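# A closer look at the structure
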Amino acid sequence: MNQTAIACTALLAATPALAQEMLNMPAATAPSPGVAIPRVQARAFLFEDSQWLLEQTLRLEYGIARDLSIAADLPLQQGFFDAPRPTDGDFGLGDLELNLELRILREDLNAIDTVRASVFAGAELPTGTGGFGGDSVDPFAGAVVTAILGRHGFDAAARFTFVTGHGMHHPIFVTDTADDYANIDLGYAYRLYPEEFGEERVGAWYATLELNTAWTTGGEHEVLLSPGLLLEAPTYALELGLQLPISQDLVHAPDLRFGLLLGLRLIF
Amino acid sequence: MPTRQLRARGLAAAALATATLTLGTVLSGCASTPTAPSDRNPSLAAVGDGTLAAGRYDLVVHGMSCPKCISNVDLQLKRIDGVVDPKVDMKHGIVAITVRDGAAPSRAAVAAAITDAGFTLAEIREVPR
């Protein structure tokens, strides 16, 4: 059974998001100084042999300075797996992830259009409980570029994580090889409504399509196609998404059938 | 994996993370040469010095690409003493504000608020009474 598939899937699921952002990958947007943005994302993954993973991630992002923000992600997980660590609906906290993001480019082209880029770095801390945690501090670093041009939004992100102990991001299915891994994500968002913004405060609907990939140094990989729907209002955002595997080369984990996402973000 | 090797990988990882943020800091610093305050803040450079008298103003703002931008702008502008009732027109990139009687917020404060919100203030237009 390949644990890496689940680990990779969870990795893809735990990346940050904000305003007009994709659902499953980072974006080069950040809260302004003194502003906090909590987000809850609930996910369900179905694997082969009717194995399930349910995950609820609480994320809190805070603007420290004009171009600097910090984020913390804490997942709560419930597993229904046969092996290698059998779970029968057991709950547990996952590893806490801390992420510091620095915006290095902001080019506002006109009223709507903008191009932004950020670098980020952080670590996954071994805070898991009930067998849901890893045993090491795993640092990561990456970069992301976001462009919004009219009704079109584009994102590209890359992240590399060093696994210093045993286990990847997803702690239940620890890999003995402790392979490092990279995430490479591409995303596109199209504003369905309104066609043009006006003077009134209205929510905006976006259709999103992402290509979320994870690659381990051990040669395994997973590529997911992730369509989604995003409703964004001035003070909240709702997310609905699906993740479908289009390529999986996994040795020790069950294949993913699909993943579902329901998310809510608030701005204070 | 041997402990020594794990430790070495941890150190390498920490070094990479530090280098990433350091590089980011350097790059962001290069993007705006640190001389006068107006040079560090493109918004401030565009709107100049001085204060705003009581009245209504239209702020021409670039980069407001989503509904959440409204909240960001609101939050930052409302922190300025004397600035009330900001209204965002995303289509034209205009934020209408009112400066109440007796207040004299600086143009720099308004520019900083827009920049802090994550956008660029291109111009401040006084609305004739």
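Moving on, we get to the pairing of strand 8 (residues 152-161) of chain A. Residue and element names in this part refer to chain A. Burial along strand 8 is one-sided: G153, D155, A157, R159 and T161 are buried, and none of H152, F154, A156, A158 and F160, which face the opposite way, are. The pairing of strand 7 (residues 138-149) with strand 8 spans 10 bridges and is antiparallel. Among the inter-strand pairings, F140 is bridged to a residue of strand 8, identified as T161. Pairing analysis gives 10 bridges linking strand 8 to strand 9 (residues 181-193), with the strands arranged antiparallel. Looking at strand 9, one finds that R159 is bridged to N183.

All names here are of chain B. Here four strands make up an open sheet; going across it, the order is 2-3-1-4 and the pairing antiparallel. Lying at the two open borders of the sheet, with one neighbouring strand each, are strand 2 (83-89) and strand 4 (120-127). Ignoring strand direction, the axes of neighbouring strands in this sheet form an average angle of 25°. Direction of pairing for strand 1 (residues 55-62) relative to strand 3 (residues 94-99): antiparallel, over a ladder of six bridges. What sits directly across from Y57, in strand 3, is I97. Where helix 4 (residues 67-77) meets the sheet, its contacts fall on strand 2 and strand 3, and the angle it forms with strand 2 comes to roughly 165°. Where helix 5 (residues 107-117) meets the sheet, it contacts strand 1 and strand 4, and its direction lies at approximately 135° from that of strand 4.

As a general rule, the predicted coordinates of low-pLDDT regions are not to be interpreted in detail. Residues and elements named next belong to chain B. Mean pLDDT over chain B works out to 77, with 66% of the residues at or above the 70 mark. Every residue in residues 27-39 is under pLDDT 50, and counting partners more than four places away or in other chains gives 14 contacts. Two summary scores accompany this predicted model of the complex, namely pTM at 0.82 and ipTM at 0.78.

This part is about the environment of R100 of chain B. Residues and elements named next belong to chain B. Topologically, R100 is positioned in the loop between strand 3 and helix 5. We classify R100 as partly exposed; it has 13 C-beta atoms within 10 Å. Taking the C-alpha atoms as reference points, R100 and D81, separated by 19 residues in sequence, lie 9.2 Å from one another.

Each value, and the rule that gives it
- Residues numbered from 1 in each chain as written.
- Chains lettered and ligands numbered in written order.
- Predicted model: local features only at pLDDT ≥ 70, side-chain atom pairs only at ≥ 80, totals over all residues.
- Buried ≥ 20, exposed ≤ 12 C-beta atoms within 10 Å, placed from the backbone.
- Helix = DSSP H or I, 4+ residues; strand = E, 2+ residues; numbered from the N terminus.
- Pairing = 2+ DSSP bridges.
- Axes fitted to C-alpha atoms, helices over the stretch in contact; angles between N-to-C directions.
- Contact = placed C-beta atoms within 7 Å.
- pLDDT = per-residue confidence, 0-100.

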